Amino acid sequence: MKRLLATALLAATLTTVPTTPVEAARPTCVSPELRGLAYYAGWPPNQIDKVMRTMYKESRCQPSARNKWATGLMQVHKLHLPRLCKTYRICTRLQLLDPYTNLVAAHDVWKRAGWRAWAGGGA
């Protein structure tokens, strides 16, 4: 089921359409598939709006986003890989390109470090 959601996510067109002035000031990814994927990855329902804003800020909701240090939707930093490898068998940056895997990894980082793991304390 989780892999089906990830496949649907990759096939879905992601849009960023603000519906209120508050959302316009704080852009987010408008995608039921991404919200569902975050929920199935373990994110608490009361944090999913912030996950979506952070995802937009970090990668513009592009699963293939990558820079010298971080990878994927939530831009998980490579310094977390040794612990993620032991806990979840997420051992390579290539694995972090999968949206579901990236959200699982980001959830683990958030549980350990909170929103401060992302620059500015999250969106």
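So, a few notes on the structure that sits alongside this text. Throughout this description, residue numbers start from 1 for each chain and increase along the sequence as written. For this predicted model, a pLDDT threshold of at least 70 governs which residues receive local features, and a threshold of 80 or more governs which side-chain atom pairs are given and counted, while totals over whole chains, interfaces and linings are taken from all residues. Excluded from the side-chain calculations are hydrogens and water; all other atoms, namely the structure's heavy atoms, are used.

1. Re the state of the cysteines
Part 1 of the reasoning: For the purposes of this analysis, a disulfide is any pair of cysteine sulfur atoms at a distance within 2.5 Å. Going through the model one piece at a time under the given rule, you end up with one disulfide.
Part 2 of the reasoning: Across the disulfide, Cys85 is cross-linked to Cys91 (sulfur-sulfur distance 1.9 Å). Taking the sign of the S-S torsion, about 80° here, the bridge from Cys85 to Cys91 comes out right-handed.

2. Remarks on helix 3 (residues 32-40)
Residue pairs three or four apart in sequence face the same way in an α-helix, which turns once every 3.6 residues.
Part 1 of the reasoning: Only protein chains enter the accessibility calculation, which uses a 1.4 Å probe; a residue is then buried when its area is under 20% of its type maximum, exposed when over 50%, and partly exposed in between. Comment: elements are numbered from the N terminus, with helices defined as DSSP H or I runs of at least four residues and strands as E runs of at least two. Taken as a whole, helix 3 has its buried residues at Leu34, Leu37 and Ala38. In a view along the axis of helix 3, the buried residues occupy a sector of 100°, so they form one face of it.
Part 2 of the reasoning: Looking at the residues trailing helix 3, positive phi occurs at Gly42, about 110°. Directions from the helix axis toward the C-beta atoms define the arc.

3. What to know about the packing of aromatic side chains
Part 1 of the reasoning: Two rings from Phe, Tyr or Trp (for Trp, the six-membered ring) form a pair when their centres are within 6.5 Å of each other. A pair whose planes differ by under 30 degrees is stacked, one over 60 is edge-to-face, and the rest are tilted. Evaluation of the coordinates by the stated rule reveals five aromatic pairs.
Part 2 of the reasoning: Pairing Tyr39 with Tyr40 gives two aromatic rings, centres 5.6 Å apart and planes at 75°, and the pair type is edge-to-face.
Part 3 of the reasoning: Look at Tyr39 and you get partly exposed, because its relative accessible area is 48%.
Part 4 of the reasoning: Judged by centre distance (6.2 Å) and plane angle (55°), the ring pair of Trp110 and Trp115 falls under tilted. An identical accessibility class is assigned to Trp110 and Trp115; each is buried.
Part 5 of the reasoning: These aromatic residues form a ring-pair network of at least three members: Trp43, Trp110, Trp115 and Trp118.

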